[in-house]
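Descriptive analysis of the structure
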Amino acid sequence: MSQNSLHGKWAVSSSDDDDGEELPSSKTVSSAHPTGVTDSYQNTRPSVSSQSSNQIDHAPLSPDTVTEVKEESDGPLHFPGLKPDVKAEADVKPVCPNTARDSQSNPGKYESPLSGKRKKDQEESGWALSDSDGDDDAVGLGNKANNPTSRRALSPKAKKPKVEINERPPSPYGRQYYIEETDDFFETHVPCLNDTYRFYLNKVTGLDKKYNTGALHIRDILSPLFGTLKESVQFNYCFDIPWMVEQYPPEFRDLPVLIVHGDKREAKARLLKEAQPFPHVRFCQAKLDIAFGTHHTKMMLLWYEEGFRVVITTSNLIRADWYQKTQGLWLSPLFPRLPDGSPSSDGESPTLFKKDLLEYLASYRAPELGEWIQRIREHDLSETRVYLIGSTPGRYLGDDMDRWGHLRLRKLLYDHSIPVPDDEIWPVIGQFSSIGSMGLDKTKWLAGEFQQTLTTLGRSSVRQDPPIHLVYPSVDDVKNSLEGYPAGGSLPYSIQTAEKQLWLHSYFHRWKADTTGRSQAMPHIKLYMRASPDFTKLAWFLITSANLSKAAWGNLEKNNSQVMVRSYELGVLYLPSAFDMAFFPVQKNPFPATSSSKAFPVPIDLPPQPYLKTDQPWIWNIPHNQAPDTHGNIWVPS
């Protein structure tokens, strides 16, 4: 069905009003390569230069479409090697295979670059992409993909070969879709890190080395550089168990790991099956009692011989999330053990982090977490200088309303932030990778209760209406990214949601991160902050797993007498008062990192760049076939 709107003409394969529909799978299709490649293209690595976005020839589309992806998407739907992290809030039900291999059962076809043709919107469903696991065990398939005879067999007119669930389909990018990390990519000694804020970005393959100096990969975090590991817990939404196990160093690889997840039924069965070769991996299923809720928290609890550490991140436990996407994390100090016999109330921080972390873990009502709750009580968390902000499913009344979600953020900003003169001109900035349904007009949630939270500064009772800048990638941002269109599989804003909230486009700003060298590394990070009018200072800064959705942040009900939260989320809030500062100065050049900078390393460019009239927000379930991406492919949903 074709639709015309402010966003142009779209081909939509399903009803916009189908609230319970599953998100469609998509595929990228090889097109004539912009540089006129030959068959050898199938055997080469993708071009992934780290040029900044201002060096790219942008052909903006139109910015009016803003989709509402129910919570968030941590991994693309039916994207080989990735697990979709799409949260469903009202009109999208998440479909999330548990491993990189599980999504291989419906591989797509690809078109030889020599043909010079582009696929039509009506072509068959499926993916023609490589997987996020790497290609070591996909050699057989890769060879077939690179064989001219096999390539003809996969032409659009031929039947798709049946691919077993544990195999990988051929990649239009060639066997080496993933560039191998260089020898010095992973740390061999404790790197120079910003110990003031302990906020870090992930390393991104393909960038200039300086932009990874002071960034962290999961292998770095789990390495002996940070402690002698005894046991760990991994809270997350998407898992690739074999890949996760490989990230632990050999000496820690068989130590006990507890997986906290939200999978049910078939998805849970797949997850358990995937872990069968690893007897040291155990599971804890998070209770999801409200429809369309997800377990979206991303946290590591690391117990060492030397103490205990907490890591709160925005990355799923799949390779693609740690490869060429922009992610962020907070890495706690190493918390020492309290002296034997100390009261459990000892070791508390000025931000009450210990109490809040214990309360968050207790909300799972899971016996499997009992021993971890006790371990945390036995450690000294007093060095923590951030506030914990979590969401847990439920309907909350009275004093419990401000324990979770955006009302928790509102209370902390009310109690601990500092009013500033002319605060009505201090803009709010939100950046996210997924958008939920927010109603037919902005007052229903975004410009109502959520704006009231984001604009709270101290105990001022003045109703503020400052500028709100929402950063979300445009079609051109995705097209010109390191991953190309496949990066859009982790940006699951649907046409069904976008068409219901056309008012949202006026808030949109481009993804630009030249300051950290990551303009071409599409964001899976989620950030919220309040900046001065000249964007040189911050009143507060938040990194979290929560996207722009009511399911993640909660929404008021029954004449504001209760708040309903659907999902588990977790993040940390930075307030200047906890660092004995009036505000955070913005660091102009965060890389290479220094250990003691007082300026805050904001990972995106400030001020944000508004969409032009010709820009279009990325929508993942409509075709993008006007121009090929950085790998010569187009995007054809089915």
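Just so it is clear, the model here is predicted, and its values are computed rather than measured.

1. Digging into the overall build of the protein
The secondary structure content of the protein amounts to 12 helices and 22 strands. Out of the 638 residues belonging to the protein, those deemed buried represent 64%. Contacts in the protein between residues far apart in sequence, at least 24 positions, make up 79% of those at least 6 positions apart. Element-wise, carbon and sulfur atoms account for 51% of the exposed surface of the protein, whose accessible area totals about 22700 Å².

2. With respect to unusual backbone geometry
The omega angle of the peptide bond from L606 to P607 is -5°, so this bond is cis rather than trans. Of note, P607 is situated in the loop between strand 21 (584-585) and strand 22 (633-637). Of note in the backbone geometry, R265 takes a positive phi value of approximately 50° without being a glycine. By the secondary structure assignment, R265 is in helix 5 (residues 265-274).

3. Side note on the packing of helix 8 (residues 405-416) against helix 9 (residues 446-454)
Running from N to C, helix 8 and helix 9 point in directions that differ by 35°, and their axes come no closer than 8 Å. Residues H406, L407, L409, R410 and L413 of helix 8 form the contact with helix 9, whose own contacting residues are E449, F450, Q452, T453 and L454. The residue inventory of the contact of helix 8 with helix 9, partitioned by class, reads 5 nonpolar, 3 polar and 2 charged.

4. Some words on the sheet that holds strand 19 (residues 562-565)
Overall, antiparallel pairing links the 3 strands, which are arranged 12-19-18 in an open sheet. Edge positions in the sheet fall to strand 12 (394-397) and strand 18 (555-557), since each of these pairs with one other strand and no more. Each adjacent strand pair in this sheet contributes to an overall mean axis angle of 35°, direction not counted. Judged from the 4 bridges that link them, strand 12 and strand 19 form a sheet pairing that is antiparallel. In the sheet register, G394 faces strand 19, and the bridge partner there is V565.

5. What about the pattern of salt bridges?
Opposite charge on two side chains permits pairing when their charged atoms draw close. Taken as a whole, this structure holds 22 salt bridges when the rule is applied. Of the charged contacts in the structure, one is a salt bridge between R403 and D400, with a shortest N-O distance of 3.5 Å. K512 serves as the salt-bridge partner of D514, at 3.7 Å between the closest nitrogen and oxygen.

6. Brief notes about the sheet that holds strand 8 (residues 299-304)
A sheet is described by the order of its strands in space; here 7 strands give the open sequence 4-10-9-8-5-6-7, paired in mixed fashion. The open sheet terminates on both sides in strands that have one partner only, identified here as strand 4 (199-201) and strand 7 (281-285). Neighbour-to-neighbour, the strand axes of this sheet turn through a mean angle of 20°, independent of strand direction. Taken together, the 3 bridges between strand 4 and strand 10 (residues 328-331) define a ladder with antiparallel strand orientation. By the bridge assignment, L201 is partnered in strand 10 with G328.

7. Topic: the confidence of the model for the protein
The pLDDT averaged across the protein works out to 78; a share of 69% of its residues lies at or above 70. Confidence drops under a pLDDT of 50 for residues 1-28, and excluding neighbours within four residues, the segment shows 102 contacts in the predicted structure. Under a pLDDT of 50 for its full length, residues 75-177 has, in the predicted model, 345 contacts with residues more than four places off or in other chains.

8. With respect to the nonpolar core
With 117 residues, the main nonpolar core has M299, L446, L504, W540, L548, L573 and Y574 as its most contacted residues. Of all the elements, strand 17 (residues 537-544) adds the most residues to this core, at 6 residues. In terms of nonpolar packing, the next biggest core, distinct from the first, is built from 30 residues, L216, F226, Y248 and F252 among them.

9. What to know about the side chain of N202
Along the chain, the position of N202 falls in the loop between strand 4 and helix 3 (218-221). Its relative accessible area of 1% is what places N202 among the buried residues. A polar contact is formed between the side chain of N202 and the backbone oxygen of K325, at a distance of 2.8 Å. In this structure N202 touches N212, A215, L216, D321, W322, K325, T326, Q327 and R518, once residues within four positions along its chain are discounted.

10. Quick word on the pairing of strand 10
Side chains G328 and W330 project from strand 10 onto one buried face, and the interleaved L329 and L331 project onto a second face that is buried too. Sheet analysis places strand 9 (residues 308-313) next to strand 10, joined by 3 bridges and oriented antiparallel. Of the residues in strand 10, the one forming a bridge with V311 is L331.

11. Points about the packing of aromatic side chains
On inspection of all chains with the given rule, the structure shows 30 aromatic pairs. Between the aromatic rings of Y485 and W618, the centroid separation amounts to 6.0 Å while the plane-to-plane angle is 25°, which identifies the pairing as stacked. In this pair, Y485 sits in the loop between helix 10 (475-479) and helix 11 (495-498) while W618 sits in the loop between strand 21 and strand 22, placing the two residues 133 residues apart along the sequence. On the accessibility criterion, W618 (0% relative accessible area) is buried. A network of ring pairs unites the aromatic residues Y197, F199, F541, Y574, F579, F584 and F600 as a single cluster. The ring of W303 is capped by K230, whose NZ or CZ atom sits 3.9 Å from the centre of that ring. Sitting above the plane of the W372 ring, R375 keeps its charged end 4.6 Å from the centroid.

What counts as what
Throughout, residues of each chain are indexed from 1 in the direction in which the sequence is written. Residue-level local features of this predicted model are given only where pLDDT is at least 70; pairs of side-chain atoms are given and counted only at 80 or more, and the full residue set underlies all totals for whole chains, interfaces and linings. By convention in this description, side-chain values take in all heavy atoms of the structure and omit both hydrogens and water. Helix and strand labels come from DSSP, where a helix needs a run of H or I of at least four residues and a strand needs a run of E of at least two; each type is numbered from the N terminus. Exposure categories follow from relative accessible area, calculated using a 1.4 Å probe and restricted to protein chains: below 20% of the type maximum is buried, above 50% is exposed, and the middle band is partly exposed. Working rule for contacts: check all heavy atoms of both residues, and any pair within 4.5 Å makes them a contact. Here the accessible surface of atoms and residues is derived via Shrake-Rupley with a 1.4 Å probe, and residues count as covered only by protein chains that are part of the display. Throughout, an axis means a line fitted to C-alpha atoms (over the contacting stretch in the case of helices), and angles, computed between N-to-C directions, take values from 0 to 180 degrees. Asp, Glu, Lys and Arg are counted as charged, while Ala, Val, Leu, Ile, Met, Phe, Trp, Tyr, Cys and Pro are counted as nonpolar; the rest, among them Gly, fall into the polar class. Between any two strands, at least two bridges found by DSSP are needed for them to pair. Only one rule defines a salt bridge in this text: a Lys or Arg side-chain nitrogen within 4 Å of an Asp or Glu carboxyl oxygen. Per-residue confidence from the predictor is reported as pLDDT, which spans 0 to 100. By convention a nonpolar core is built from buried Ala, Val, Leu, Ile, Met, Phe, Trp, Tyr and Cys residues, the set being connected through side-chain atoms within 4.5 Å. Here a polar contact means two N or O atoms within 3.5 Å. Within protein one must be a hydrogen donor candidate and the other an acceptor candidate, and residues neighboring in sequence count only if both atoms are side-chain atoms. The rule is short: rings of Phe, Tyr and Trp, with Trp giving its six-membered ring, pair when the centres are within 6.5 Å, and they are stacked under 30 degrees, edge-to-face over 60, tilted in between. Two thresholds decide whether a charge sits over a ring: the Lys NZ or Arg CZ must be within 6 Å of the ring centre and within 35 degrees of the ring normal.

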